[in-house]
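Listed below are the residues making up each chain.
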Amino acid sequence: MENMVKKGKNTEEKSAKEKSTGMAKAQSHEVEYSDPPNEDRDSAILLELRGLRKEHAEAVSDNKRALARLETSIGELMVRTTSLEQKVIDMEERLGNNEDKTTRMERVATFLLRETTKLSEKCNDLESRMRRNNIRIHGIPEGAEKNDTVSFITQFIKSQIQIAAGRDLCIERAHRSLVNKPKDSTAPPRAIIVRFLDYKIKEQVIKQAWSQKICYEGRIIYFNQDYTTEVQKKRKQAREVIKQLKERDVKAQSPYPAQLKVFLDTGTKIFSTVEEAYLFIYFFVKEVSGTVQLQIWL
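Residues numbered from 1 in each chain as written. Predicted model: local features only at pLDDT ≥ 70, side-chain atom pairs only at ≥ 80, totals over all residues. Heavy atoms only, no water.

- The name an unreviewed UniProt entry assigns to the protein is L1 transposable element RRM domain-containing protein, from the organism Poecilia mexicana.

### What to know about the pattern of salt bridges
Item 1. For the structure on display, the rule yields 11 salt bridges.
Item 2. Across the salt bridge formed by Glu142 and Arg190, the nearest N and O atoms sit 3.0 Å from each other. Here the residue Glu142 occupies a position in the loop between strand S1 (134-138) and helix H2 (149-160), and Arg190 occupies one in the loop between strand S2 (171-176) and strand S3 (192-196), the gap between them amounting to 48 residues.
Item 3. Given the relative accessible area of 18%, Arg190 is considered buried.
Item 4. Between Lys202 and Glu203 there is a salt bridge; the shortest N-O distance is 2.9 Å.
Item 5. We classify Lys202 as buried; its relative accessible area is 2%.
Item 6. In the salt-bridge network here, residues are joined through shared partners; they are Glu127, Arg131, Arg136 and Asp226. (Salt bridge = Lys/Arg side-chain N within 4 Å of Asp/Glu carboxyl O. Helix = DSSP H or I, 4+ residues; strand = E, 2+ residues; numbered from the N terminus. Buried < 20%, exposed > 50% of the residue type's maximum accessible area, 1.4 Å probe, protein only.)

### Let's talk about the packing of aromatic side chains
Item 1. Evaluated as defined, the whole model comprises 4 aromatic pairs.
Item 2. Note on Phe152 and Tyr216: the rings are 5.9 Å apart at their centroids and 85° apart in plane angle, and the pair reads as edge-to-face. One end of the pair, Phe152, is in helix H2; the other, Tyr216, is in strand S4 (residues 214-216), and 64 residues separate them in sequence.
Item 3. Both rings, one in Phe156 and one in Tyr216, keep their centres 5.8 Å apart while their planes meet at 75°; by these two values the pair is edge-to-face. Of this pair, Phe156 sits in helix H2 while Tyr216 sits in strand S4, placing them 60 residues apart in sequence.
Item 4. For Phe156, a relative accessible area of 4% translates into the label buried.
Item 5. Of the aromatic side chains, those joined through ring pairs into one cluster are Phe152, Phe156 and Tyr216.
Item 6. The side chain of Arg132 reaches across the aromatic face of Tyr199, ending 4.9 Å from its centre.
Item 7. The ring of Phe263 has Lys251 lying over it, and the distance from NZ or CZ to the ring centre is 5.1 Å. (Phe/Tyr/Trp six-rings, centres within 6.5 Å; stacked < 30°, edge-to-face > 60°. Lys NZ or Arg CZ within 6 Å of the ring centre and 35° of its normal.)

What follows is the structure, encoded as structure tokens:
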């Protein structure tokens, strides 16, 4: 019995050893089979980490280069901005200087315009004074004076105007106006300008000529003062207005230099310029003579 019991114990111990041996072998096999995958995974992870590290290094390098370029660009922009700021400052200074110069030039121009106006008026006044001894004779045909205008005008005035017999007219010179001779025979002849040495004789001749009708070869001859070109233009406007007013039985005259004197039932009105007289005369004539249009002002 004892032997049988020992054999049973030995058998159990043997089976237990075999089980433990089998489990150890199984564990050793599992370890052997699991180690290789862990090494591959680690290698892969290392490769990934190295790749990431390389990419990170490249990215850092790219960022550094980009930052360097950005810093260079910012530096250039700063330089340009500084230059532009300086240019703006210079331009503002120049504009300020130009504005000051413009203001001074405007003042100078205004002053010069006033002085020019004064000088122009003085020149016109001097020219008018130089012409005080002159008269203009309109209507004498071209060539009637032949080659001696002074003798022709002297004889013409003495024969047509009532002057004291034997009185010397004291004509200094006489000539046609200095415009081009008309090519058309039907065009009005040029005026003859006559200068007298004595102003009193000149006034006597022209007043006598205005008081009578003078003709030459069937043509009506007109005597007038020798005005400057500027005064003649203004008086021409006044004459046109006077003509239209006379057609409507409104008496008017043109005192020197180019004023407009209108004789009304309510009294006499004198206007220094034609423009000043426009509204008054227009409404007056419209009320008295009906609707009227003065073409000289239209």
